[in-house]
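Fold and geometry: a report
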Amino acid sequence: RADPLRQAPPGRSGSSLSSSLRGQSAPASAVGSAPTLGITNTTMRRFAAALAALAMANPSIASVDDGIAAYNAGRHDVARQHFEKAAAAGSPAGKHLLASLYYQGHGVPKDLTRAVALFTEAADAGFPPSMANLALMYSVGDGVPKNEEKARSYGRRAAESGDVQSQFNLGQSYRKGAGVPKDDVQAAFWYRKAAEAGHLGAQNEYGLLFAQGHGVALDYVQAFAWIDIPASAGDSKAVKHRAQLLQ
């Protein structure tokens, strides 16, 4: 199941916090050319375990957990109440998820202005998923005036705070010189961070850098090792690149 904390633009019509997540590409000039809101089951499991451990000691975390359960059961108004309680207690996760409800109009009237305000509060509190969402929203002018400088700033902050998709996007930007000077060394740096976190696209791109000797030393063994991971997971681009390495 995907991480509900990544619920965000453009998930406007999904039926659960785990299904209506990132699926829209942001312009390469802003935050990268790949789809920007990908989630992993591993992240969800880790988050759920952390919630279980902390909920007894922190009511706002319990409210977030209860809100997620209510949302996934289709009880959006109940979810809103829990997220509002968590947000009022200062929980960045609660603010982020409440913002997601306003973004989609689930359990509340759709209100992009309110969503942006809550995402911004959560981002200012250091919550990487909100930073990533704002990067996307500013990159395309969704609920805010289009602002590529803000998009890049939020995208970089998200990457530096550990948001895996944002790390991949930043690698893409450096690889292509989109919004930043072209720099294969920096591309390799950010691809590796995302690749080590399990991002299939980053693993493929990082392997390609080794195959081409761009930003890293030419090394076909490393190239194959990295590309084989997403290829074995069924990634079509990686399957093609692995076959090319074996020719």
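1. Quick notes on the overall build of the protein
Within the protein, the regular secondary structure consists of 12 helices and 0 strands. Order of helices (α) and strands (β) in the protein, N terminus to C terminus: α-α-α-α-α-α-α-α-α-α-α-α. By the burial criterion, 50% of the 247 residues in the protein qualify as buried. For the protein, the proportion of contacts with a sequence separation of at least 24, taken over those separated by at least 6, is 52%.

2. Some details on the pattern of salt bridges
Evaluation of the coordinates by the stated rule reveals 9 salt bridges. Two residues, R152 and E148, come together in a salt bridge whose shortest N-O distance is 3.8 Å. Here R152 pairs with E148, and both are found in helix α7 (residues 148-160), just 4 residues apart, close to one helical turn. A relative accessible area of 29% means that R152 is categorised as partly exposed. Note that E196 is salt-bridged to R192, the shortest N-O span being 2.6 Å. A residue pair is termed a helical-turn pair when its members lie 3 or 4 positions apart in one helix, as E196 and R192 do in helix α9 (residues 184-196) at 4 residues. Connected through shared salt-bridge partners, D77, R80 and E84 make up one network.

3. Here we look at the packing of aromatic side chains
Tallied over the full model, the rule gives 5 aromatic pairs. Both rings, one in Y138 and one in Y154, keep their centres 5.9 Å apart while their planes meet at 10°; by these two values the pair is stacked. A residue pair is termed long-range when its members are at least 10 positions apart, and Y138 in helix α6 (residues 128-140) and Y154 in helix α7 qualify at 16 residues. Accessibility classification places Y138 together with Y154 in one group, the buried group. A ring pair is formed by F189 and W190, whose centres lie 5.0 Å apart and whose planes are at 90°; its orientation type is edge-to-face. Judged by its relative accessible area of 5%, W190 falls in the buried class. Members of the aromatic cluster, joined through ring pairs, are Y206, F210 and W226.

4. Some words on the packing of helix α10 (residues 200-212) against helix α12 (residues 236-245)
The interhelical angle for the contact between α10 and α12, taken along N-to-C directions, is 25°, at an axis separation of 10 Å. With respect to their mutual orientation, α10 and α12 come out roughly parallel. Both α10 and α12 take part in a crossing whose hand is left-handed. Across from N204, L208 and A211 in α10, the residues of α12 making contact are K237, A238, H241 and L245. Class assignment of the residues belonging to the contact of α10 with α12 gives a composition of 4 nonpolar, 2 polar and 1 charged.

5. Here's the deal with the packing of α7 against helix α8 (residues 164-176)
Packing of α7 against α8 leaves a shortest axis separation of 8 Å and a crossing angle of 125°. Relative to α8, the element α7 lies oblique. Between α7 and α8 the crossing geometry is left-handed. For the pair α7 and α8, contact is made by G155, R156, A158 and A159 and by S166, Q167, L170 and Y174, respectively.

6. Some thoughts on the side chain of R175
Note that R175 resides in helix α8. Among residues more than four places away in sequence, those in contact with R175 are K182, D184, A187, Y191, L209, Q212 and H214.

7. Looking at the nonpolar core
With 33 residues, the main nonpolar core has F83, L98, L134 and Y154 as its most contacted residues. Among the secondary structure elements, those contributing two or more residues to this core are α2 (59-72), α3 (76-88), α4 (92-104), α5 (112-124), α6 and α7. No other element matches the 7 residues that α4 contributes to this core. If sequence neighbours within four positions are ignored, L98 has contacts with R80, F83, E84, A87 and L118.

Criteria and thresholds
- In this numbering scheme, every chain counts its residues from 1 along its sequence in written order.
- This being a predicted model, a pLDDT of at least 70 is required before a residue's local features are given, and a value of 80 or more before pairs of side-chain atoms are given or counted; all residues contribute to the totals for chains, interfaces and linings.
- Just so you know, side-chain values use all the structure's heavy atoms and leave hydrogens and water out.
- Secondary structure counts use DSSP, requiring at least four H or I residues in a row for a helix and at least two E residues in a row for a strand, with both numbered from the N terminus.
- Only protein chains enter the accessibility calculation, which uses a 1.4 Å probe. A residue is then buried if its area is under 20% of the maximum for its type, exposed if over 50%, and partly exposed in between.
- Residues are treated as being in contact if the distance between any of their heavy atoms lies within 4.5 Å.
- Salt bridges are counted wherever a side-chain nitrogen of Lys or Arg sits within 4 Å of a carboxyl oxygen of Asp or Glu.
- Stacked, edge-to-face and tilted labels apply to pairs of Phe, Tyr and Trp rings (six-membered ring for Trp) whose centres lie within 6.5 Å, assigned for plane angles under 30 degrees, over 60, and everything in between, in that order.
- As a rule, the C-alpha atoms of each element are fitted with a line to give its axis, helices using only the stretch in contact, and angles between N-to-C directions run from 0 to 180 degrees.
- The scheme is simple: roughly parallel for angles under 35 degrees, roughly antiparallel for over 145, roughly perpendicular for 65 to 115, oblique for anything else.
- By definition, turning the near helix anticlockwise from the far helix through less than a right angle yields a left-handed crossing, and turning it clockwise yields a right-handed one.
- Ten residue types, Ala, Val, Leu, Ile, Met, Phe, Trp, Tyr, Cys and Pro, are classed as nonpolar, four, Asp, Glu, Lys and Arg, as charged, and the remainder, Gly among them, as polar.
- Residues enter a nonpolar core if they are buried and are Ala, Val, Leu, Ile, Met, Phe, Trp, Tyr or Cys, with the set joined through side-chain atoms within 4.5 Å.

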